[in-house]
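Secondary and tertiary structure notes
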Amino acid sequence: MDKTHGIVTILTDFGTADVYVGVMKGVMLQINPDLILVDLTHDIPPQNVAAGSFQLQNAYRHFPVGTVHLAVVDPGVGSCRRAIALETEVGFFVGPDNGLFSRILQLEGVKSAILLNQPRYWYKPIPSLTFHGRDIFAPIAAYLASGISLVELGDPIPLDSLTILPAEMYQSSPLGIRGQIQAVDRFGNLISNIPGDLVQLRDWSVAVGARHFPKRLTYAEAAWGEPLSLVGSHGWVELAIQGESAQQMLDIHIGDSIELSWATCSSDVLP
Amino acid sequence: MDKTHGIVTILTDFGTADVYVGVMKGVMLQINPDLILVDLTHDIPPQNVAAGSFQLQNAYRHFPVGTVHLAVVDPGVGSCRRAIALETEVGFFVGPDNGLFSRILQLEGVKSAILLNQPRYWYKPIPSLTFHGRDIFAPIAAYLASGISLVELGDPIPLDSLTILPAEMYQSSPLGIRGQIQAVDRFGNLISNIPGDLVQLRDWSVAVGARHFPKRLTYAEAAWGEPLSLVGSHGWVELAIQGESAQQMLDIHIGDSIELSWATCSSDVLP
Amino acid sequence: MDKTHGIVTILTDFGTADVYVGVMKGVMLQINPDLILVDLTHDIPPQNVAAGSFQLQNAYRHFPVGTVHLAVVDPGVGSCRRAIALETEVGFFVGPDNGLFSRILQLEGVKSAILLNQPRYWYKPIPSLTFHGRDIFAPIAAYLASGISLVELGDPIPLDSLTILPAEMYQSSPLGIRGQIQAVDRFGNLISNIPGDLVQLRDWSVAVGARHFPKRLTYAEAAWGEPLSLVGSHGWVELAIQGESAQQMLDIHIGDSIELSWATCSSDVLP
C-alpha cells in the first residue's frame, strides 16, 4: 500500500458530552486540514476494551484500503502499556497495545507493528500523562493519513509480543455450536460470538434456556412479537424479537450461553 | 437540476453507540472520498417512521439545492417494502418506501421516483438482507451525490404508488384550530401539528385542557416559569414554559389535543 | 491574522436527537460547501451558559489559528442580549453576549468585538425570533470562515461592555489553595477550578471533607479503587478514583469546596 486516502476513523470511550473528541480533531486538523475525519462511535462503555475491539471489528472492513483507524479505549494510560501503530493490508491502526486490536491481529495479515517512541511527531508543547488520545495517537494518525511512513513514527516491535484478549469461546460439536451473547445493539438485538460464516448455509434453531429462536433470513419473516435468529449484517448469529427489543422482553445478558442446534430436516427445528 | 454539490445528509434510528452509521459512511467514502457527509440525527426512536418523517421535514429545506438526503428508519427491511429514490426541485431522497418521505411527497414537486433494482450499484460482495442502509441506500446516495443520474440507478415507478402516512389532522373552524402535539424537543418544548403559516399574522391563545398558553413572539417575552405559545423556528405552533421544560412540568404527551383560539381583540386572549 | 483555514467548530446545548445542529450545518454549507465543520459537543446541559463556557475553554486552543468557534447556549434568544463576534489572536468566536465567552475574554487578547447588526449576512428569507443559531450565528460563522472580514459583519462595540460571568473563585494561602468542583466528565472524574499551572511543580494533597486524594502523575499510578488527584489533560486539578467513577462512589457535586494543601516534605502528604 503506497497511497493513503487521508481518511481517519475515530473510536473512543470518551462520550460526546465533553470536548475530548473535538480536541483530538483539532489536533489532527492542525497537522493536515484536508483530512477526512469519520466518527465510528464514542459510546464504548468506559474502559471496556473488549467492547471497543468488537465495534472496531464490525467497522474497519467497510472503509477504503489505506484508511487509518484511531482507537482509544485506554484504562492503562500513563502506565507501562505500549502506544502502537499497525500496518495491515486493509489499513492502519493506532492506539494502545491493550487488546483493543485483538481481532485485527487475529483476522488480518499484520505487516508491521511499531512502538510510538518518536516524540517529534507528538502534540506540542506539553505531552500530558493522561490523554495520549490527544497527545500521541491523534497526531500519529494524522501523520499516517498524510502519507508519513510507519517507520518514521517509531521502532518495530515483534508481532508476537502484541496483546490479544482471551478469545471469546464457541464450541462446535456434531449437533451444533455453543456460544455466548457478546453485545446488544440499540434495537435490543442480542449479538452472539458465533460467526455467520459457520452456519450460513445450513438450517438451525437457537435455544437460550427454554426459549427457542428459529432461523430466519430477515426480521420481517417473523410475525410481530415472534422470536427469531439470523446472521446479522455484522456477520454474527443474532437473536431478536420482531418489532420489539429482545433485551427488554427477555432476561438475557452479555455473557449468557446460547445453543445453536443443526436442523435434522430441511425445515426449521421447532420446539 | 444538472449539478450536485456532493452533500449527503444522513438520518437514521441507528443511534450512535454502535458503528452502523460509521459503516454507512465508509461505504460512501469508498465510492467517493470527496463527499460531504452531514449527520441530521441518528436518535429517531427505533422504527418510528412518523418521527423520522417529522425530523426530515424540519431539516431538508435548509440544505443546498441538489443535496442528497439519505434516510433509514426501516422496520420492514427484508420484507416487500420497496427501496426507492426521489428527485425533487430541492434535492434527492433515498430510503425505504414506508412513509418516511410522506411530507416530502406532500410538500415538494416530486419530479420522478425510481425503484432501486440495479444491483450493480449496490454494496459488494454480499448484500445483506437486514442492513439495506449499508448495502443499498448508502451506495445509491453516494452515486447520486457523485452525479450519476437517477435513471441509471433503477426503474421509474408511478408517483401515486408511493406510501404516504395518514395525515396528522388539524381542524379549522371560525373560532380557531384544533391540533395535536406531534413532537417534544430537547428543551421540553411541545411541538404541535398546526402550521405557523396559518396563524402567523393573527393573535391567539392555546389551551390544553384547563391550561392556557398566551401567544408570544419569543420565549424571552414571557416571565420565568410562565407558559407561552409561539411559532417555533421549525415552523410549527409550539407550547413552552419560559426557562423550564414544559414536558416535565405539565402532563402533556405526544398525541394530546390542543385548542388554538383566535383572539377577539388585538390583545392576547387570557383566561 | 489574514488567512482563515475554513474550519468552524460548533458547540451548543441543542442535543443530537433533533435536527437543529444539522440545520445549522446546512445553512453554512449553502454559504460555502468547502467549510470544515467540527462538532465540539451539543450536550451542554440546556441553557447552562457556564458549562458551555467551561467546555469551550477546554477546546479552542487545540484548533488551528484562524478557526471560527460558533457557540450557541442562548437562554435569552429574542431578548435584548446582543449577538456578537470576537476576533482574537487564536481565532474567531461567534454567539450570544451572555457570558459564554467569559473565559476567552479573560484569557486571550481580544482584538475587536462587533455587534451582529448587518441583516444582509443573515439567513434568508425569514429570520426567526427563536433560533438565532440558524439565522444569525451560523451564517456569520460561515462568512468569517470564508474570509469575510469582521468589520463587514457588524459595528464595533467596546470590549469592556462584553458580558463576563462572575469568576469562579479559588483562594490561595501559604498553606494551599481552596477551590471548587466545576465539572464532572464521562468517567466520573471531578474537575476543579484550580489551574494546574499553579500547582504543577509542587507536591500536594487534596481533601474534600474527611476524604484525601494524594497527588499522582497518572491514574495508573494509583491502585484500583484508590483515590487520587492530578492535573488533568484539560489543565485543571482533578479528583479521581482509579478504575471507578469518583462521582458515583463519593457524595461530591459541582460547586462543592475542595482544599489543596502543599506537602511539607518531598513525599505526598497523607492523612
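All values reported here derive from a predicted model rather than from experimental measurement. Note that residues are indexed from 1 along each chain, following the sequence as it is written. Both sets of labels track the order of writing: A upward for chains, 1 upward for ligands. Whole-chain, interface and lining totals are the exception, using all residues; otherwise, since this is a predicted model, local features are given only for residues with pLDDT of at least 70 and side-chain atom pairs are given and counted only at 80 or more. Each side-chain value is worked out from all heavy atoms of the structure, with water and hydrogens disregarded.

Turning to the overall build of chain A, a few remarks are in order. Secondary structure summary: chain A contains six helices and 15 strands in total. Over its C-alpha atoms, taken along the principal directions, chain A stretches across nearly 65 × 35 × 35 Å. Only heavy atoms matter for contacts: two residues are in contact if any of them lie within 4.5 Å across the pair. Taking contacts inside chain A between residues at least 6 apart in sequence as the whole, the part at least 24 apart equals 67%. Counting every atom, chain A has about 10700 Å² of accessible surface; 55% of that belongs to carbon and sulfur. In chain A, the 16 positive side-chain charges and the 27 negative ones have mean positions that sit 2 Å from each other. Secondary structure elements follow DSSP: runs of H or I no shorter than four residues count as helices, runs of E no shorter than two count as strands, and numbering proceeds from the N terminus. With residues, only the protein chains shown are counted as cover, and all accessible areas are computed by Shrake-Rupley using a 1.4 Å probe. Only four residue types enter the charge count: Lys and Arg as positive, Asp and Glu as negative, with His and the chain ends excluded. The atom standing in for a charge is NZ when the residue is Lys, CZ when it is Arg, CG when it is Asp and CD when it is Glu.

In this assembly, 28 residues from chain B lie in contact with 31 residues from chain C. Computed with a 1.4 Å rolling probe, the buried area is the accessible surface lost when two parts are put together, summed over both parts. Across the chain B to chain C interface the summed buried area is about 2400 Å²; carbon plus sulfur atoms make up 59%. Contact with chain C buries surface across chain B, with H62(B), R186(B) and F187(B) losing the most and accounting together for 29% of the total. Throughout this description, the term salt bridge denotes a Lys or Arg side-chain nitrogen within 4 Å of a carboxyl oxygen of Asp or Glu. Taken together, the links from chain B to chain C amount to zero salt bridges. Here a polar contact is taken to be a pair of N or O atoms separated by no more than 3.5 Å, where protein atoms must pair a possible hydrogen donor with a possible acceptor and residues adjacent in sequence count only if both atoms sit in side chains. In this structure, the connection of chain B to chain C is made through 14 residue pairs in polar contact (both at pLDDT 80 or more). For the side of chain B that touches chain C, the secondary structure elements donating two or more residues are β2 (36-41) and α2 (49-59) of chain B.

Moving on to helix α1 (residues 20-31) of chain C. Residue and element names in this part refer to chain C. To estimate how far a helix should extend, the number of its residues minus one is multiplied by 1.5 Å. The end-to-end C-alpha distance of α1, which contains 12 residues, comes to 17 Å, matching closely the 16 Å that a straight helix rising 1.5 Å per residue would cover. Of all 12 residues making up α1, 10 are buried, and the element is well covered by its neighbours. Note on classification: 1.4 Å probe, protein chains only; a residue is buried when its accessible area is under 20% of the maximum for its type, exposed when over 50%, partly exposed between these limits. Looking only at α1, the buried set comprises Y20, V21, G22, V23, M24, K25, G26, V27, M28 and L29.

Paired through their backbone hydrogen bonds, the strands of a sheet run either parallel or antiparallel. Strand order in the open sheet made by the seven strands is β2-β1-β3-β5-β4-β6-β7 (chain A), with mixed pairing throughout. Edge positions in the sheet fall to β2 (36-41) and β7 (155-156) of chain A, since each of these pairs with one other strand and no more. At least two DSSP bridges between two strands are needed for those strands to be called paired. As paired strands, strand β1 (residues 7-12) of chain A and strand β3 (residues 67-72) of chain A are joined by five bridges and run parallel to one another. Paired with I10(A) across the bridge in β3(A) is L70(A). Strands β1, β2 and β3 of chain A of the sheet are contacted by helix α1 (residues 20-31) of chain A, whose axis makes an angle of about 155° with β1(A). Of the strands in this sheet, β1 and β2 of chain A are in contact with helix α1 (residues 20-31) of chain B, which crosses β2(A) at around 150°. To define axes, lines are fitted to C-alpha atoms, for helices over the stretch in contact only, and angles between the resulting N-to-C directions are given on a 0 to 180 degree scale.

This part is about the relation of the copies chain B and chain C. Least squares is the method for superposing the copies, and the C-alpha atoms it fits come from residues with pLDDT of at least 70 in both. Superposition record for chain B on chain C: RMSD 0.0 Å, screw rotation 120°, translation along axis 0.0 Å. The operation mapping one copy onto its partner corresponds to a three-fold rotation axis. Closest approach to the rotation axis among the C-alpha atoms of chain B is made by I36(B), whose C-alpha sits 5.4 Å away. Taken together, the interface assignments show that only 4% of the residues at the interface of chain B recur at the interface of chain C, consistent with different surfaces on the two copies.

Before going further, it helps to spend a moment on the pattern of salt bridges. Residues and elements named next belong to chain C. Counted under the stated rule, the structure contains 24 salt bridges over all chains. Close ionic contact of R134 with D135 constitutes a salt bridge, the shortest N to O distance being 2.6 Å. Residue R134 shares its accessibility class with D135, and that shared class is buried.

Glancing now at the interface of chain A and chain B. Taken residue by residue, the interface counts 28 residues in chain A and 31 residues in chain B. Summing the contributions of chain A and of chain B, the shared interface buries around 2400 Å²; its carbon and sulfur component is 60%. By the criterion of area lost to chain B, the three top residues of chain A are H62(A), R186(A) and F187(A), representing 29% of everything that side buries. Across the contact surface, chain A and chain B share 14 residue pairs in polar contact (both at pLDDT 80 or more). Among the elements of the structure, β2 and α2 (49-59) of chain A are those that each provide at least two residues to the side of chain A that touches chain B. At five residues, the largest contribution of residues to the side of chain A that touches chain B is made by β2(A). Class assignment for the residues of the side of chain A that touches chain B results in 14 nonpolar, nine polar and five charged. All residues other than Ala, Val, Leu, Ile, Met, Phe, Trp, Tyr, Cys, Pro, Asp, Glu, Lys and Arg, Gly among them, are scored as polar; the first ten of these are nonpolar and the last four charged.

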